[in-house]
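# Geometric and topological summary
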Amino acid sequence: MTRTSTASSRVARFLTATALAAIVAGAIPPAQAAVAPLDGRSAADISAALQVPVSVSHKRATGAVSFLRVADGVAADLASGSGSRDERARSFFAAQRSLFGIRDVRAELALMGESADTTGQRHLTYRQFYRGLPVYAGILRAHFDAADRLRGVSGTFVPGIQAEVRPAIDAYYASQRAIAFAADRNSRSTAGLSASLPKLEIYRLGLDQGVAGPSQLVWEVEVANGGDIREFVFVDARYGKVLDFLPGVVDAMFRRAFLGFDGNADNVPDAWPASPDWLEGNAIPSGNQERDNMLLSSGDVYTRFMNGFGRDSYDALGHVMDQAYTRNYGCPNASWNGNLISFCPGFTTHDVTAHEWAHAYTEYTHGLIYRWQSGALNEAYSDIWGEAFDLETTLSGMVDTDTPNAGRTAAACSTFTVLPPSVVINAPGSIAGPKLAGTAAFGPQSFSLTNDVVLADDGVLGTGTLSDGCCASPSFVCAPNSWTNAAAVNGKIAIIDRGVCGFAIKVKNAQDQGAIGVIIANNTGGTAIINMSGVDATITIPALSVTQNDGAAIKTELLTTTVNASVSRGATGTDASVRWLMGEDVAGGALRDMWTPTCYTNPGKVTDTLQYVCSTTDNGGVHTNSGIPNHAFALLVDGGTYNSVTVAPIGMVKALHLYYRSQTVYQSVASDFGDHADAMEASCNDFVTAATSLADPWGGPAQVMVAGDCTAVANAMLAVQMRTEPTFCNFVPLLDQSPPALCTSGFAYTTNLFDWESGAAGWTVSRRGVVNPGTFLDRDWAIDGTLPGGRTGSAYWALDPNAGDCVVDDETGALVLDSPTFVMPFGGAVPRLTFDHYVASEATWDGGNVKISVNGGAYTVIPPAAFSYNDQISALSTVGAGNTNPLAGEQAWHGTDGGSNSGSWGRTIGDLTGIVAPGQSFQLRYEFGNDGCGGTDLGWWVDDVQLYTCQAAEPLFIDGFEVSTTARWSATAP
C-alpha cells in the first residue's frame, strides 16, 4: 500500500517531537517518557518573549501549558492592545497559541462566563471545542486583576486532536451499551439503571493519569440507579466500544469488605424525594440519634460555607441538601451520589458528613475527576473540609470527639490510632513494600518492631522442612539454642514455614532460640493470608503471618542478601490528640491521619514509594495518595518541619480561604498535584496583592494574608513534593527489556539472519480471512525504513489501523508474512529462533503471532512454552466474545506499554526443539490480525529474525572459509 506518513509521525500522535527525540537519543525509555512542552521553550524563553517574568507549568499528559502567571510583585499585563477582557484574552491566546496547541482561537475557545471575586479580580472561563464539539475537561481560564490587567491563565487545553466528528452510532445505542457495561461491571441486572441524555464530545484518554493518549469521538453517558451506582461511561461514537468510565459515586472511606450485598432494586430511600421524614424547621433533637447527627453536621457545613465564603449550598444557588441515614447497602460506608448523601449506621459523624457534602461542593466547583492525582485531590478536599469543620466546631446533641485537640509532634502517630497488622519489607528494594499480614491469637497484641530477618533452621528435616521451627517429633519442643542457626536467629526476626506443628509451638521455639519476633510464611494459597490460632501464655515475642508468595520472595532474597522488615500491630502513637484524625468517631476508629499519613500507610510526600499507589487499585489510589495534599494542609495550618523544609503556620482561616480560592478559581476537572501547587501559590499572591479581608467562617475577626504566608504556602508544597513526578510509577513495558544471552552456555552460531536492509530476502506477503475486501484498508506487511522508538534500519511492519465500523466498513482480516523454506540437516543441532519486535495494538482484539509449518503441513502457533524470553502476552479474545479476528483465541502479542498508547522494542527468544526434527523442512509465518474496527494506527514491527544454534565453540574459519563441521541450513523460496 502507499504510505504518506512515517512511523515517527505516527508515534508523534501520542508523543511530542521533543519527547520522541529524547527517546531516540536513549534518554528516556518510551514507557517512561513524559510529554515535553509543546513548543520547547523554557520559562526564561517565554518570559523574554513576553518581556514579562512569568512562571510556567505544563500538563504531564499533553505538554500544553497548564498555568502561566506573572511573577509575584511585578506590575505587568500579559494582554496587549485595548478592547474587552474577552478580546484581550483571546489576543493573548492567539499570540501564544504554540504554548497550548491552539490552532484557531475563535473556533476552539468559547467564552462560558465571567465572574468576580473578593480580591477585585475577574475570571473568564473558556470551554474548548473541536469542530463544534466540546472537549471533555478542556477548560482554560484568564485571570484579570483589579487594575484590569491579564495576570495569568490556567487550565487544560487538549492539543493535536485529529478525530471524526460524525458519529457512526446513535445516542440510543450508546445509552444501551453504557447501561449494559455498568450492569456488567457492577454484577447487576440492567433493571433499575437509567441513562442520561448522551453528550457527543471529544475525550482524551490518559488525561487524568498524566500519560500520552489519543483523542476520540465519544458519547458521554451518565448511568445511575439513584443510589449506589453512578458512572460516566464514554462510548466510542464510531464503533460502540466502551473506551473508559469515571466513577460518579464518591466514598468517604476505603475499606475492603466481602460477603453479601443487600441488592435492593434502586438503593435509594423509598420516600425520596417526595416524602421526607424531617423538614427544615422541624425540631432537633428529632428522636433519632443517627438522623440528628446527620442534620446537625449538615447544618454546620452549610453555615460555615455561607459565613466564610458566601456560598449558598453546594451549587451556590441554595439547593436543598437531601440526605439519608441508616442505609442498608454498601456498608460500612458513606457516599455522595449526585442527588444526596447517605450513611450506613454509625457513619453520621461530624467529619464524615462534612466530607460527603464537600464532594458535592467539589462537583459544583472544580469538578475533579475521581481518578489518579485529580481523584486524590478530590478526596483530600473532602478530608480537608471535613476535618476543618470537625476541629473548629463542637456540636451539642451528638457524639463529637473534639478533644484532646493539642498540636501534634512531627512524624508521630496519635494514641487514638489503632493500627492493623503490618509487615513492611524495608530492604532489599526488589521486594520492598507493605505485605498482606495476618494476626496471631497468642503473644503481644500491640507492638512495633524493626530488625533483620533470618530463616529458621531447626536442623531436623524429618518434621517437614528445616525451616518449619518444629524440631523433633512428637513433642515438637526445641531445647534453647538447639537450632542449627540459633546464634544467627538470636536478636532477629525469624521467618518460619507453616506446617507440621502448631503456630504457637513454632513461635515459642523461636523465642527459646533468642528471636525477638516471628513471621510465619503460609505454605498454600499463593496470595491467601492466615490469622493464626493457638494459646501459650509464656510467649512474649510478636508474631504475624504473610502469604505463600511473599514468604517465598523473602526466603529467595535471604539466599543472597540481608532482608530487613518492620512488623507492627495495634501499636499506638505518642501524641494524645485527635487532631488531624479523619473519622475518629466512626466505629472501628479513624482511617486517615492528615498530620502523619504514614500512620495509616498513606504517603506523606510523593517519594514515599512504599505507600504511594501507582496501580489502578482504588481508582489510582484516590484514598491513599490523598495523604499528600492532606499533609500539606495540616502543615500549613499548624506549621512544622518535614522533609527538611520548615513551614510557618498560617492558621485555619487563611488556609481554608486558599483552598477555596484554588477550588473555585484556578483548578479544573483534570488538575493534578502540580496544578494544585500552582493554584495555591497564585491564590496566596492574589490575596496579598489585593489585601483582601478574609472572613472567619466561625465568626471571629477577619484576617489578611501577608507575604510571609505565601512563603509558607510555597514551603508546604515543597515539603510534600507536590510538583515532584512519581517517576517510580513507571509503567512496565509490554516486552521485557533485559534479554539474556542467546545461549546459556557456548556460542550462538547464526545460520540465517534477516534484517531486510536490502529487500525482502525471499519473504513473501499475503492476506487471509478478509471479510469485506471492498472496504478492507489496502495494506500488507511492508518493509518500513522509519522505525518507532528511535530504532535505525528497516523492519517488516503490519499496520493496526484505527479504522472500520465493525458493520459496513469491516477491517477483519490477517496479514501474512511467510519465510523461505528452511531444511534442517541430519545430525545438526535443533534450530533456535530469536527476533526483535515492537508491539502497539488494540489489546485483546488485534495482535500477532508466529506460526510454523513442518514438511509442508498446516501452520500452527509456536506455543508459549517454546519461548524462554518474551513469549506471547496472552490469548486474543475469542469468537464467542465477539472477536472476528482470524487469530481469535490464539496466543499472540498484543496491547501497548503500560500507561502508554505506544510500545517499546524487545527481543523474543525461542527453541524449536520437539517442533522440528533433523531432515525436516519448515517455514515460519508471522501473522497480524484485526477485528472489524478500531486500532492504534501503529501495529507490529518485526526485525532481525535470526535462526541459530548453540555450539560448544566458535566455528573455525581459514582464509574466509568455514572448516568446522557445522553446516548452514539451506533456505529456498517457498
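Definitions and limits used
Residues numbered from 1 in each chain as written. Predicted model: local features only at pLDDT ≥ 70, side-chain atom pairs only at ≥ 80, totals over all residues. Heavy atoms only, no water. Helix = DSSP H or I, 4+ residues; strand = E, 2+ residues; numbered from the N terminus. Buried < 20%, exposed > 50% of the residue type's maximum accessible area, 1.4 Å probe, protein only. Contact = heavy atoms within 4.5 Å. Areas by Shrake-Rupley, 256 points an atom, 1.4 Å probe, with all protein chains shown as cover. Phe/Tyr/Trp six-rings, centres within 6.5 Å; stacked < 30°, edge-to-face > 60°. Lys NZ or Arg CZ within 6 Å of the ring centre and 35° of its normal. Disulfide = S-S within 2.5 Å. Axes fitted to C-alpha atoms, helices over the stretch in contact; angles between N-to-C directions. Parallel < 35°, antiparallel > 145°, perpendicular 65-115°, else oblique. Nonpolar A, V, L, I, M, F, W, Y, C, P; charged D, E, K, R; others polar. pLDDT = per-residue confidence, 0-100. Pairing = 2+ DSSP bridges. Left-handed = near helix turned anticlockwise from the far one by under 90°. Core = buried A, V, L, I, M, F, W, Y, C linked by side-chain atoms within 4.5 Å. Salt bridge = Lys/Arg side-chain N within 4 Å of Asp/Glu carboxyl O. Polar contact = N/O pair within 3.5 Å; in protein donor to acceptor, adjacent residues only side chain to side chain. Expected span 1.5 Å × (residues − 1).

Along the backbone of the protein there are 18 helices and 47 strands. Looking at the protein as a whole, 55% of its 974 residues are labelled buried. For the protein, contacts bridging at least 24 residues in sequence account for 71% of all contacts bridging at least 6. Summed over all atoms, the accessible surface of the protein reaches about 37200 Å², with 53% contributed by carbon and sulfur.

For Leu133, the location among the structural elements is in strand 5 (residues 133-144). Assessed through its relative accessible area of 13%, Leu133 is described here as buried. Residues Leu133 and Lys199, 66 residues apart in the sequence, show an inter-C-alpha distance of 9.6 Å.

Below, the discussion takes up the packing of aromatic side chains. Inspection of every chain in the model, using the stated rule, returns 42 aromatic pairs. Aromatic rings pair up to connect Phe754, Trp756, Trp763, Trp781, Tyr796, Phe822, Phe835, Phe867, Trp893, Phe922, Tyr926 and Trp940 into one cluster. Over the face of the ring belonging to Phe776 we find Arg779, whose NZ or CZ atom lies 4.0 Å from the ring centre. The ring of Trp905 is capped by Arg791, whose NZ or CZ atom sits 4.4 Å from the centre of that ring.

Time to look at the state of the cysteines. Across all of its chains, the model carries seven disulfides by this definition. Each sulfur in the disulfide pair Cys470 and Cys501 lies 2.0 Å from the other. Judged by the sign of its S-S torsion, about -85°, the bond between Cys470 and Cys501 is left-handed. Of the two residues, Cys470 is situated in the loop between strand 19 (447-455) and helix 11 (486-489) and Cys501 in the loop between strand 20 (493-497) and helix 12 (503-512); the sequence distance between them amounts to 31 residues. In this structure, Cys470 and Cys501 share a single accessibility class: buried. Residue Cys471 pairs covalently with Cys478 via a disulfide, S to S 1.7 Å. Residues Cys471 and Cys478 are joined by a disulfide whose S-S torsion is about 115°; by sign, that bridge is right-handed. Taking relative accessible area as the criterion, Cys471 reaches 5% and is therefore assigned buried. Overall, Cys478 belongs to the buried group, its relative accessible area being 2%.

A few words now on the packing of helix 17 (residues 673-690) against helix 18 (residues 707-719). Between helix 17 and helix 18, the shortest axis-to-axis distance is 9 Å and the interhelical angle comes to 175°. As the angle between them shows, helix 17 and helix 18 are arranged roughly antiparallel. Contacts from His676, Ala677, Met680, Glu681, Cys684, Asn685 and Val688 in helix 17 reach Ala707, Asp709, Cys710, Val713, Ala714 and Met717 in helix 18. When grouped by side-chain class, the residues that make up the contact of helix 17 with helix 18 number nine nonpolar, two polar and two charged.

With 90% of its residues at a pLDDT of 70 or more, the protein shows a mean pLDDT of 86. Confidence drops under a pLDDT of 50 for residues 1-33, and excluding neighbours within four residues, the segment shows 63 contacts in the predicted structure. Across residues 957-968, where pLDDT falls below 50, the model places 15 contacts with residues more than four positions away in sequence or in other chains.

Before going further, it helps to spend a moment on the pairing of strand 44 (residues 938-951). Within strand 44, twelve of the 14 residues are buried, leaving the element largely enclosed by the surrounding structure. Two strands pair when backbone bridges link them, and strand 30 (residues 747-754) and strand 44 are joined in this way by seven bridges, in the antiparallel orientation. Bridged to Ala748 within strand 44 is Cys950. Bridge count between strand 33 (residues 795-800) and strand 44: five bridges; the pairing is antiparallel. Among the inter-strand pairings, Ala798 is bridged to a residue of strand 44, identified as Trp940.

Turning to the packing of helix 10 (residues 372-392) against helix 15 (residues 627-638), a few remarks are in order. Each pair of packed helices can be described by the angle between their axes along with the distance between the axes. One way to put it is that helix 10 packs onto helix 15 with a least axis distance of 8 Å and a crossing angle of 35°. Helix-helix and strand crossings are classified by hand; for helix 10 and helix 15 the assignment is right-handed. Residues Ala376, Leu377, Ala380, Asp383 and Ile384 of helix 10 form the contact with helix 15, whose participating residues are Pro629, Asn630 and Phe633. Per-class residue counts for the contact of helix 10 with helix 15 are six nonpolar, one polar and one charged.

Residues Trp357, Trp385, Trp580, Phe633, Leu636, Leu658 and Tyr659 are the most contacted members of the largest nonpolar core, which totals 67 residues. In terms of residues, this core owes the most to one element, helix 10, which gives eight residues. Excluding anything up to four places from it in sequence, Trp357 contacts Ser298, Val301, Tyr314, Met321, Asp322, Gln323, Trp336 and Ile341. By size, the runner-up hydrophobic cluster in this structure holds 38 residues, among which are Leu133, Tyr136, Ala137 and Leu193.

Scanning the model with the defined rule gives 49 salt bridges in all. Ionic pairing is found between Glu231 and Arg185, a salt bridge with its closest N-O pair at 2.4 Å. Of the two residues, Glu231 is situated in strand 10 (residues 230-236) and Arg185 in helix 7 (residues 171-185); the sequence distance between them amounts to 46 residues. Using a relative accessible area of 40% as the deciding quantity, one classes Arg185 as partly exposed. Note that Asp944 is salt-bridged to Arg791, the shortest N-O span being 3.2 Å.

It is worth spelling out the pairing of strand 8 (residues 199-204) at this point. Counting buried positions along strand 8 gives five out of six residues, so the element sits mostly inside the fold. Here strand 8 runs beside strand 9 (residues 215-224); their pairing, made up of six bridges, is antiparallel. Considered in strand 9, the bridge of Glu201 is made with Val218.

Summarising the element assignment, Gln946 is placed in strand 44. Gln946 sits in the buried class, given a relative accessible area of 14%. Engagement of the side chain of Gln946 in a polar contact is seen with the side chain of Thr750, the distance being 2.6 Å. Apart from the residues lying within four places of it in its own chain, the contact partners of Gln946 are Leu742, Thr750, Asn752, Leu753, Arg832, Leu833 and Thr834.

On to the sheet that holds strand 22 (residues 543-546), then. Spatially, eight strands are ordered 17-16-23-19-20-21-22-18 in an open sheet, and the strand pairing comes out mixed. For this open sheet the edge positions go to strand 17 (433-435) and strand 18 (437-438), each flanked by a neighbour on one side alone. Examined bridge by bridge, strand 16 (residues 422-427) and strand 17 share three bridges and lie antiparallel to one another. Considered in strand 17, the bridge of Val423 is made with Lys435.

A word on helix 17. Taking 1.5 Å per residue as the helical rise, helix 17 with its 18 residues ought to reach 26 Å, and the 26 Å between its terminal C-alpha atoms agrees with that figure. For helix 17, a buried count of 14 out of 18 residues is recorded, marking the element as mostly surrounded by other parts of the structure. Where helix 17 terminates, the next one or two residues include Ala691, which has phi positive at roughly 50°.

Mapped onto the elements of the fold, Lys851 is located in strand 37 (residues 847-854). Judged by its relative accessible area of 4%, Lys851 is buried. Side chain to side chain, Lys851 and Glu890 meet in a polar contact 2.9 Å long.

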